[in-house]
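Geometric and topological summary
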Amino acid sequence: ILNEKIKSQRSIQLIGAVDYRFKMLNRPFKFSAEAYYKALSNLIPYNVQNLKITYYGENLSKGYTTGIDLKLYGEFVPGTDSWLTFSLMSTRQKIGETWVPMPTDQRWAINLHFTDYFPGTERWKMTLRLAFADGLPFGAPHRGLEQQQFRASAYKRADIGMSYRAIKDGRGIKNLWLGIDCLNLFGISNVGSYYWVTDISNHQWAVPNYLTGRQINGKVTVDF
């Protein structure tokens, strides 16, 4: 039944940020910090079960999101971008008299992107990407958000790639790069969701659904 009295969700946001530019190893770098707080109201709670999202259909809760993002960005070698980020976040909502984490409550995350040329040449380039992040909250189906007592395992991933500059400033093309990447280098089995199975004793068991394992990816990048 369509709820014609439902209200739009609202948020009041406070954000503060600062950038600091400096030189290190005779290269330009920038450090950025951003802190934020969002007061949320008229929230419509929802459950996430595998790929299915079920909304409660009413403005039942209020909540908040707060956190801080830190980023160090720079060029370790000219013409390449590298950065390191660190984030902390907490997002919760109040349903009745109970505060529960929202489905997007990823409490921390660390990401690294590093690019460098091979010694003695600017034709061969290596890129390394690392990600390490907290898992998301979840619970058994049909028990409501108040019973979201579990949290998925941490997300871990490493990618590495090699690129070759086939053309530089020629034939109307500024750069043409041929690349190959190994995604999820160590073949880590990261959990994407859980499939719940009920046995004959009415006990529920969470069976993990894993994300894609190691893959090889080819790419062509053209700069005009």
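See above for the structure.
Cut-offs and rules
- Residues numbered from 1 in each chain as written.
- Predicted model: local features only at pLDDT ≥ 70, side-chain atom pairs only at ≥ 80, totals over all residues.
- Heavy atoms only, no water.
- Core = buried A, V, L, I, M, F, W, Y, C linked by side-chain atoms within 4.5 Å.
- Buried < 20%, exposed > 50% of the residue type's maximum accessible area, 1.4 Å probe, protein only.
- Helix = DSSP H or I, 4+ residues; strand = E, 2+ residues; numbered from the N terminus.
- Contact = heavy atoms within 4.5 Å.
- Polar contact = N/O pair within 3.5 Å; in protein donor to acceptor, adjacent residues only side chain to side chain.
- 1 Å grid on protein atoms, 1.4 Å probe; cavity = no way out; pocket = protein on both sides within 12 Å on 5 of 7 lines; lining within 4 Å.
- Points joined across faces, edges and corners; volume = space filled by probe spheres on them.
- Nonpolar A, V, L, I, M, F, W, Y, C, P; charged D, E, K, R; others polar.
- Salt bridge = Lys/Arg side-chain N within 4 Å of Asp/Glu carboxyl O.
- Phe/Tyr/Trp six-rings, centres within 6.5 Å; stacked < 30°, edge-to-face > 60°.
- Lys NZ or Arg CZ within 6 Å of the ring centre and 35° of its normal.

The subject of this paragraph is the nonpolar core. Core analysis: the largest hydrophobic core is formed by six residues, namely Phe-138, Ala-140, Ala-152, Val-191, Tyr-194 and Trp-196. At three residues, the largest contribution of residues to this core is made by strand 14 (residues 191-198). Not counting the four nearest positions on each side in its chain, Tyr-194 is found in contact with Asn-50, Phe-138, Ala-152, Ser-153, Ala-206, Val-207, Pro-208 and Asn-209.

What follows deals with the side chain of Ser-82. Topologically, Ser-82 is positioned in strand 6 (residues 82-95). Reaching out from Ser-82, the side chain makes a polar contact with the backbone nitrogen of Thr-115 at a distance of 3.0 Å. Contact partners of Ser-82, with chain neighbours within four places excluded, come to Leu-72, Tyr-73, Gly-74, Phe-76, His-113, Phe-114 and Thr-115.

With that out of the way, let us pick up the layout of surface pockets. Estimates place the volume of the largest pocket at around 460 Å³. Lining the largest pocket are 27 residues, with Leu-136, Pro-137, Phe-138, Gly-192 and Ser-193 sitting closest to its centre. Residue assignment for the lining of the largest pocket shows that the elements contributing at least two residues are strand 3 (46-49), strand 10 (137-138) and strand 14. Among the elements that line the lining of the largest pocket, the one with the most residues is strand 14, at five residues. Partitioned by chemical class, the residues of the lining of the largest pocket number 16 nonpolar, ten polar and one charged. Volume-wise, the second largest pocket comes out at about 260 Å³. Where the lining of the second largest pocket is concerned, the elements lending two or more residues are strand 8 (108-117), strand 9 (124-133), strand 13 (173-183) and strand 16 (215-223). In terms of residue class, the lining of the second largest pocket is built from one nonpolar, eight polar and five charged.

What follows deals with the side chain of Thr-65. Tracing the chain through its elements places Thr-65 in strand 5 (residues 61-74). Thr-65 sits in the buried class, given a relative accessible area of 11%. Separated by 2.8 Å, the side chains of Thr-65 and Thr-91 make a polar contact. Among residues more than four places away in sequence, those in contact with Thr-65 are Tyr-36, Tyr-37, Lys-38, Leu-40, Met-89, Ser-90 and Thr-91.

Applying the stated criterion across every chain yields a total of eight salt bridges. Asp-105 is paired through a salt bridge with Arg-151; the nearest N and O atoms lie 3.0 Å apart. Within this pair, whereas Asp-105 is found in the loop between strand 7 (98-101) and strand 8, its partner Arg-151 is found in strand 11 (residues 150-151), the two being separated by 46 residues in sequence. Exposure remark for Asp-105: the relative accessible area of 2% places this residue in the buried category. Under the relative-accessibility criterion, Arg-151 is labelled partly exposed at 26%. A salt bridge links Asp-134 to Arg-151; its shortest N-O distance comes to 3.3 Å. On the criterion of sequence distance, the pair formed by Asp-134 in the loop between strand 9 and strand 10 and Arg-151 in strand 11 is long-range, its members being 17 residues apart. Classification of Asp-134 by relative accessible area gives buried; the value is 6%. Connected via shared salt-bridge partners are Asp-105, Arg-107, Asp-134 and Arg-151.

The subject of this paragraph is the packing of aromatic side chains. Two descriptors summarise a pair of aromatic rings, namely the distance from one centre to the other and the angle between the planes of the rings. According to the stated counting rule, one finds twelve aromatic pairs in the structure shown. Measuring from centroid to centroid gives 6.3 Å for Tyr-37 and Tyr-64, while their planes differ by 10°, and the two rings are stacked. On the criterion of sequence distance, the pair formed by Tyr-37 in strand 2 (residues 27-43) and Tyr-64 in strand 5 is long-range, its members being 27 residues apart. Judged by relative accessible area, Tyr-37 falls into the partly exposed class, the value being 37%. Ring geometry for Trp-108 and Phe-132: centres 4.9 Å apart, planes at 70°, overall edge-to-face. Separated by 24 residues along the polypeptide, Trp-108 in strand 8 and Phe-132 in strand 9 bring together distant segments of the chain. Exposure remark for Trp-108: the relative accessible area of 25% places this residue in the partly exposed category. Overall, the relative accessible area of 36% leaves Phe-132 in the partly exposed class. Sitting above the plane of the Trp-83 ring, Lys-71 keeps its charged end 5.1 Å from the centroid. The ring of Trp-177 has Lys-125 sitting right over it, with the charged end atom 4.1 Å from the ring centre.

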